Amino acid sequence: MLTFVVVAPLIGLLVFWLLPERSNLLVLSAFFGTCLLALVIAVLPLGRNAPAALGLRPVGWRPIVFAVLGTTVLSFAVSQLGPQPEGVKQVTEGIQGTARILQTLAVLGLLAPIVEELVFRGLLYGWLAGRWSNLVAFVLSSLAFAAAHTEPLHILLVLPLGFWFGWLRWRTGSLVPTIVAHIINNTIAVSAASFLSP
């Protein structure tokens, strides 16, 4: 975990400095790409044990379906509570044309959820559970996931999903259901923003 915390900012600063432009989508791509690279570096010493340490264990189809259905219902309920966070508006504004939609889906619908799950419910959860307990890992990784969204409104809106994903990780012992559910959730959100925006 310490390796990730040290390496991620160092790589991130270099990548950000090298960016040819600083559009929202490109900055997000660089950010999540940096986190993924730092994560790989952090778990490299574990060798073949790295996937299991991150919670990448096989699981049946029922937990996956349960995770997707629960996430969809919860996400819909949360979306009815208030306005869309400003950061989300900025990222999804102006998604026009097939290429732009596909790029946004690739970053926000695929890369972001995979990286977030690997970092928060993989690396952080595993580190906390190994030192304290699954309960501590569940609570702290869920709170950290929400806090990482920085904007107060966004934090409040993703907190229920953070606890849901954390509970799924604890209950199933696997990261697979949360990764699949998170990808589908983000893909639906991006698609809705692109096709329903004026």
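Whatever comes next refers back to the structure up there.
Caption draft 1: The arrangement of the packing of helix H7 (residues 134–147) against helix H8 (residues 152–172) in detail. Relative orientation of the contacting elements H7 and H8 amounts to 150 degrees, with a least axis distance of 8 Å. On the basis of their axis angle, the class for H7 and H8 is roughly antiparallel. As for the relative orientation of H7 and H8, their crossing is right-handed in sense. Seen from H7, the contacting residues are Asn-134, Leu-135, Phe-138, Val-139, Ser-142, Leu-143, Phe-145, Ala-146 and Ala-147; seen from H8, they are Ile-155, Val-158, Leu-159, Gly-162, Phe-163, Gly-166, Trp-167 and Trp-170. Tallied by class, the residues present in the contact of H7 with H8 amount to 13 nonpolar, 4 polar and no charged.

Caption draft 2: Representation of unusual backbone geometry in the model. At Thr-150, a residue that is not glycine, the phi angle is positive and equals roughly 60 degrees. Within the secondary structure layout, Thr-150 lies in the loop between H7 and H8.

Caption draft 3: View of the side chain of Glu-117. Of note, Glu-117 is situated in helix H6 (residues 98–131). In this structure the side chain of Glu-117 is engaged in a polar contact, spanning 2.9 Å, whose partner is the side chain of Thr-178. Aside from chain neighbours lying at most four places away, what touches Glu-117 is Gly-122, Phe-165, Leu-175, Thr-178, Ile-179 and His-182.

Caption draft 4: The arrangement of the pattern of salt bridges in detail. Here the structure, examined in full by the defined rule, presents 1 salt bridge. Salt-bridge contacts for Glu-117 lead to Arg-121; the nearest nitrogen and oxygen are separated by 2.8 Å. Of this pair, Glu-117 and Arg-121 both sit in helix H6, separated by 4 residues, roughly a single helical turn. Under the relative-accessibility criterion, Arg-121 is labelled buried at 0%.

Caption draft 5: Seen up close, the packing of helix H4 (residues 61–79) against H8. Where H4 contacts H8, the axes come no closer than 10 Å and their chain directions differ by 165 degrees. When the axis of H4 is compared with that of H8, the two are roughly antiparallel. Between H4 and H8 lies a crossing of right-handed hand. Here Pro-63, Phe-66, Ala-67, Gly-70, Thr-71, Leu-74, Ser-75 and Val-78 of H4 lie close against H8, whose contacting residues are Leu-157, Pro-160, Leu-161, Trp-164, Phe-165, Trp-167, Leu-168 and Thr-172. Here the contact of H4 with H8 is composed, by residue class, of 12 nonpolar, 4 polar and no charged.

The rules behind the values
Residues numbered from 1 in each chain as written. Predicted model: local features only at pLDDT ≥ 70, side-chain atom pairs only at ≥ 80, totals over all residues. Heavy atoms only, no water. Axes fitted to C-alpha atoms, helices over the stretch in contact; angles between N-to-C directions. Helix = DSSP H or I, 4+ residues; strand = E, 2+ residues; numbered from the N terminus. Parallel < 35°, antiparallel > 145°, perpendicular 65-115°, else oblique. Left-handed = near helix turned anticlockwise from the far one by under 90°. Contact = heavy atoms within 4.5 Å. Nonpolar A, V, L, I, M, F, W, Y, C, P; charged D, E, K, R; others polar. Polar contact = N/O pair within 3.5 Å; in protein donor to acceptor, adjacent residues only side chain to side chain. Salt bridge = Lys/Arg side-chain N within 4 Å of Asp/Glu carboxyl O. Buried < 20%, exposed > 50% of the residue type's maximum accessible area, 1.4 Å probe, protein only.

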